[in-house]
Amino acid sequence: MTTPDVSARRSALGRLTANAPFLARLAELYPDDVTAFLGAGADAALAGVVPPPVDDDIMRALRQWRGRVALLLALGDLSGEHDVRATTRLLSDFADQACDAALAAAFAERVPDEEPRGLSVIALGKLGSHELNYSSDIDPILIFDPETLPRRQRDDPDEAAVRIARRMVEILSARTADGHVLRVDLRLRPHPEVTPIVLPESAAVSYYESEALAWEQAAFIRSRASAGDRALGQGFLHAIQPFIWRRSLDFRQLREIGAMSDRIRDHFAQGQAFGPGYDLKRGRGGIREIEFFAQVHQLIYGGRDPSLRVPATVDALAALADAGRIERADAERLADHYATLRRIEHRLQMIEDQQTHCLPTQPAALDAVARLDGEADGAALLARLEPVATEVGACYDRIVAERAVAPGLPRDEGELAGQLMAAGFDPPDAALRTIAEWRGGKLRALRSPAALEALETLLPELVRALGAAPEPDAALTRFDKLVAGLPSAINFFHLLAAQPALAKIATRILWLAPTLADALGARVELIEGLIDKRAFDAPARKTGLLSEWAPGLAGLDYERLLDRVRDRVGERRFAYGVQLVAGSTDPLAIACGYSELAEAALQVLADATVAEFVAAHGRIADSELVVLALGRLGGRALTHASDLDLIYLFTGDHLAESDGPRPLGATTYYNRLAQRVTAAMSVPTAAGKLYDVDTRLRPQGAQGPLVVTLDSFERYQREEAWTWEHMALLRARPVYGSDHARAALQRVIDDLLAAPRNRDAVARDAAEMRDRIAAHKPPQGPLDIKGGPGGLVDLEFAMQVTQLASGRCHDPNIGSALACLRVEGLVPAEVCDAHGLLARMLVMLRLTAPEGEPATAAARQLVASACGEPGWPQLLAAHDAARQEIANWWASIRPPEQETKA
């Protein structure tokens, strides 16, 4: 808002009087309001215009109130005191108050001794987003609660609600000598041709959960409880949030929304061309195309990003730009153009209070609109609007191009064979048979007309993507296997057709990464997460993941939280795997990302489990659960398939007791709590599996208690632990508990590892343990990266003997520890390079050749590239050289007699 001088106010009044007959009549009816505006401005004048009391002649009082508000808002707009955002907000606030007043009057007439309650006005469209036009109708949905709605003793609740709603609409919409208040359009409710004008809240929820159409989902992007029983309305909107904001986006619905917008262009063809008669709302480059541009992006991304769930168009554009979903320049340009188009739309409607959106075709009428806005004439107005419509239309056309569907594949076998061969299927016989089987409905997922239609939409892009694979027939077979396991493929096909880049990624997954292909078969919606470009960002740290997840996890009950965390972890782990398949991220960075992901999941689920446990058993004073990670999680080096090595500890007195309704002794308390944390992390739910948890590295192994005190842990490590247990502590890291508790545990570990040791004794103990491991778990072939001579296990043993004997470089991450030892002159530089190569191979092979399966030729090339080698033969040579370096180092550390014995 600005504060114009008196001359600007007088100019506004002059333009209004000369060019807007409706407003000129209002100025004559309410001269005191004009005087107040000229003297103090629109806001001060509006402050004196208050809603009428319910006991007045409500029909006349509301219309007079509306006339005064309309006059002052027009003057504030024309003078520049209110911008478009302020004007539409004030118009929306007026509509809310008017609905409340009309509803209160309807209740007072029907049940005079009752307070209005149990009936809510759900605003959609521009009222829902506080963007109401100067002369607009409103599009509410009316719902009621049969249990709380006041009614006469013999009234049926449904009948009473309809009578009250009908009277409210009459009070607002009926045209009298004083005009009307608001035009009310109730046709956006479910099945308006057969349903009453007000629906029970439960019936409305049921409809939107099970039957609603695509355009209804889009409509509810701009929705709020605007009048009546707001608590009832907010509860209803909360209940249907999963319908509005779907994590699993239905691209068929998105296409239907786009088709609806295209039909609007066709239906209002006369207003499409720019010039006199141009439709500011529905024309090419008009208001609706800006709104559609924002809403399409909100529908695509809003189910996964709550920051995009904003109803107002300009706010939505800004949020989309902030989130990196659209270019900021596009957002700012469209926001400016939206304001311009809406302002001129208001000028059209001010003239005679008509709900019109088209520029006049008569020159004199167009000149009046222009002069009302301060332009010299209609030609000047058109010159200002033309570049606006052109730029908006270009933005909309980009969406149309993105949604364009390629021509389908021919059904003639000869023509189809030719196209298949051109795509890379040579000979095409196997592909011809598979496509014929799909079209014949052989697979369960392809037995409905909708599924077959979706298949035909996808086939051209799918054939191109699969044909580009090194082995097209093998890729096609894997895709066929994937679809065969799906209960429905409709949305999957529409998604790949709408996002050709995802079709290429899905194909690449099928021929390169069986682990990811299996995950996709179990949860085909995982592919949707890749729509978000941030899926290819560097792996997030734990703190970033917790911040990202927090809005979607807030308020969930425990069982739903378990599922939601599994969903989030599965999506992120899948995205990290895709980064490896794409060759876009260093495997060691992904290994760290996998670890941060597991740690974030542990934080959320342990917090929730503790809260559940405390509700039943209370807390133990000055005591808490602490979790120590070892192995790959401790060293921040998980692979896609790693389990979690954890030790559970607790602080405080083991003789203490909890203070809850069902108290437990400390030892029992924490053992039960740890069991539940393990279950939260490992038990499969409807959302699938999370992690395997291994607790056998705890004191006394599987024979000991699951949880011991921190003091007991320290005592065990000092007095009873084997050398290999201290070696394991070199990769230990506290990952759960308060800062104070984790620091205390870290001090214990640091003190234990700093104790002086006899190098020969440590080396002898390590060699004995290494021989036991080799006997118990022999290498699984020449590419067992961990086992076998010179593998990662040998490297860790050599490194850990060196760390314990020297008392230096106790970093749980192997790469960092080796770098430190190299600076200290305690490890050959070649061993550091060897670790980098083998660690990258391990991460890649866990994804591309799980369970020791032979990698495909294409996967071998991917692994080689990820490890910095030009091809598989060169990688094998580098692998052999790396193992020899590690074997030499380990041989230099282990005692000669142990080496001979081996």
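Here the structure is a predicted model, which means the values were calculated and not measured.

Okay, the state of the cysteines next. Two cysteines joined by a covalent bond between their sulfur atoms form a disulfide. If you walk through the whole model with that rule in mind, you get 1 disulfide. One disulfide in the model links Cys 809 with Cys 820; its S-S distance is 2.1 Å. Taking the torsion about the S-S bond as the criterion, the Cys 809 to Cys 820 disulfide, at about -70 degrees, is left-handed. In this pair, Cys 809 sits in the loop between helix H35 (792–806) and helix H36 (814–823) while Cys 820 sits in helix H36, placing the two residues 11 residues apart along the sequence. Relative accessible area serves as the criterion here: at 29%, Cys 820 is assigned to the partly exposed category. Its sulfur unpaired, Cys 592 is 18 Å from the next cysteine sulfur, which belongs to Cys 867.

A separate point is the environment of Gln 746. When you line up the elements, Gln 746 lands in helix H33 (residues 739–754). Relative accessible area serves as the criterion here: at 26%, Gln 746 is assigned to the partly exposed category.

By the definition in use, this model includes 51 salt bridges. With a shortest N-O distance of 2.6 Å, Asp 330 and Arg 333 are connected by a salt bridge. One end of the pair, Asp 330, and the other, Arg 333, are both in helix H16 (residues 328–352), 3 residues apart, so they sit about a helical turn from each other. Here Arg 333 falls in the partly exposed class, since its relative accessible area comes to 32%. The salt bridge involving Glu 796 is made with Arg 731; its shortest N-O contact spans 3.0 Å. Of the two residues, Glu 796 is situated in helix H35 and Arg 731 in the loop between helix H32 (723–729) and strand E10 (733–736); the sequence distance between them amounts to 65 residues. Judged by its relative accessible area of 15%, Glu 796 falls in the buried class. With relative accessibility at 6%, the residue Arg 731 sits in the buried group.

Of note, Pro 157 is situated in helix H8 (residues 157–173). Setting aside residues up to four positions removed in sequence, Pro 157 forms contacts with Phe 144, Pro 146, Leu 149 and Arg 151.

Turning to the side chain of Thr 457, a few remarks are in order. Within the fold, Thr 457 resides in helix H21 (residues 449–467). When its relative accessible area of 12% is taken as the criterion, Thr 457 is described as buried. At 3.0 Å, the side chain of Thr 457 forms a polar contact with the backbone oxygen of Glu 453.

All right, on to empty space enclosed by the protein then. Unoccupied space between atoms shows up once a probe the size of one water molecule is rolled over them. In total, this model carries 5 cavities of 30 Å³ or more according to the counting rule given. Roughly 130 Å³ of volume is contained in the largest cavity. Taken together, 14 residues make up the lining of the largest cavity; nearest its centre are Arg 66, Leu 91, Phe 94, Tyr 134 and Leu 182. Of all elements in the fold, only helix H5 (58–78) and helix H6 (84–110) reach the threshold of two or more residues within the lining of the largest cavity. Ranked by the residues each element gives to the lining of the largest cavity, the list is headed by H5, at 3 residues.

As a further point, take the packing of aromatic side chains. Inspection of every chain in the model, using the stated rule, returns 18 aromatic pairs. Judged by centre distance (5.1 Å) and plane angle (55 degrees), the rings of Phe 274 and Tyr 278 are tilted. Looking at Phe 274, the relative accessible area reads 27%, which means it is partly exposed. The class for Tyr 278 is buried, based on a relative accessible area of 1%. An aromatic cluster is built from Tyr 207, Tyr 208, Phe 220, Phe 236 and Phe 243, whose rings are joined through pairwise contacts. Geometry around Tyr 301 places Arg 325 over its ring, the cationic atom sitting 4.7 Å from the centre. The positively charged end of Arg 573 is found above the aromatic ring belonging to Tyr 691, 4.9 Å away from the centroid.

For soluble globular proteins, the rule of thumb is that nonpolar side chains tend to be buried together. Trp 438, Phe 479, Phe 493 and Phe 713 are the most contacted members of the largest nonpolar core, which totals 282 residues. Ranked by residue count, the leading element in this core is helix H28 (residues 587–617), at 15 residues. Beyond its immediate chain neighbours, meaning those up to four positions away, Phe 493 contacts Leu 446, Ala 451, Ala 454, Leu 455, Leu 458, Phe 479 and Val 483. Core analysis: the next-biggest nonpolar cluster, separate from the first, contains 21 residues, Val 205, Phe 220, Ile 221 and Ile 240 among them.

What follows covers unusual backbone geometry. A cis amide bond, omega 10 degrees, links Asp 426 with the succeeding residue Pro 427. For Pro 427, the location among the structural elements is in the loop between helix H19 (413–423) and helix H20 (429–439). Unlike most non-glycine residues, His 130 shows phi in positive territory, near 60 degrees. Summarising the element assignment, His 130 is placed in the loop between helix H7 (125–128) and strand E2 (137–144). One non-glycine residue, Asp 353, lies in the positive phi region at around 55 degrees. Tracing the sequence through the fold places Asp 353 in the loop between H16 and helix H17 (363–372).

An α-helix turns once every 3.6 residues. As a result, residues three or four positions apart point the same way. The end-to-end C-alpha separation of H33 is 22 Å, in line with the 22 Å expected for 16 residues at 1.5 Å each. Of the positions making up H33, those classed as buried are Ala 741, Ala 744, Leu 745, Val 748, Ile 749, Leu 752 and Leu 753. Taken together, the buried residues of H33 touch strand E6 (625–630), strand E7 (644–650), helix H31 (710–719), H32, E10 and H35.

Turning to the packing of H6 against H8, a few remarks are in order. It is the contact of H6 with H8, at a shortest axis distance of 8 Å, that shows an interaxial angle of 130 degrees. Relative to H8, the element H6 is oriented oblique. In this structure, H6 meets H8 at a crossing whose hand is right-handed. Residue-level contacts link Ala 98, Cys 99, Ala 102, Leu 103, Ala 105, Ala 106, Phe 107, Glu 109 and Arg 110 of H6 to Arg 163, Ile 164, Arg 167, Met 168, Ile 171 and Leu 172 of H8. Partitioning the contact of H6 with H8 into residue classes produces 11 nonpolar, no polar and 4 charged.

Moving on to H6. The end-to-end C-alpha distance of H6, which contains 27 residues, comes to 39 Å, matching closely the 39 Å that a straight helix rising 1.5 Å per residue would cover. Within H6, 19 of the 27 residues are buried, which leaves the element mostly enclosed by the surrounding structure.

The next thing to look at is the pairing of E7. Counted residue by residue, E7 has 7 buried out of 7 residues, so it is predominantly covered. One ladder, built from 6 bridges, connects E6 with E7; its direction is antiparallel. By the bridge assignment for E7, Val 626 is matched with Leu 649. Here E7 pairs with strand E8 (residues 693–694) via 2 bridges, running parallel. Note on E8: the bridge partner recorded for Asp 645 is Asp 694. Bridge count between E7 and strand E9 (residues 707–709): 3 bridges; the pairing is parallel. Paired with Tyr 648 across the strands is Val 707, a residue of E9.

The rules we used
Residues numbered from 1 in each chain as written. Predicted model: local features only at pLDDT ≥ 70, side-chain atom pairs only at ≥ 80, totals over all residues. Heavy atoms only, no water. Disulfide = S-S within 2.5 Å. Helix = DSSP H or I, 4+ residues; strand = E, 2+ residues; numbered from the N terminus. Buried < 20%, exposed > 50% of the residue type's maximum accessible area, 1.4 Å probe, protein only. Salt bridge = Lys/Arg side-chain N within 4 Å of Asp/Glu carboxyl O. Contact = heavy atoms within 4.5 Å. Polar contact = N/O pair within 3.5 Å; in protein donor to acceptor, adjacent residues only side chain to side chain. 1 Å grid on protein atoms, 1.4 Å probe; cavity = no way out; pocket = protein on both sides within 12 Å on 5 of 7 lines; lining within 4 Å. Points joined across faces, edges and corners; volume = space filled by probe spheres on them. Phe/Tyr/Trp six-rings, centres within 6.5 Å; stacked < 30°, edge-to-face > 60°. Lys NZ or Arg CZ within 6 Å of the ring centre and 35° of its normal. Core = buried A, V, L, I, M, F, W, Y, C linked by side-chain atoms within 4.5 Å. Expected span 1.5 Å × (residues − 1). Axes fitted to C-alpha atoms, helices over the stretch in contact; angles between N-to-C directions. Parallel < 35°, antiparallel > 145°, perpendicular 65-115°, else oblique. Left-handed = near helix turned anticlockwise from the far one by under 90°. Nonpolar A, V, L, I, M, F, W, Y, C, P; charged D, E, K, R; others polar. Pairing = 2+ DSSP bridges.

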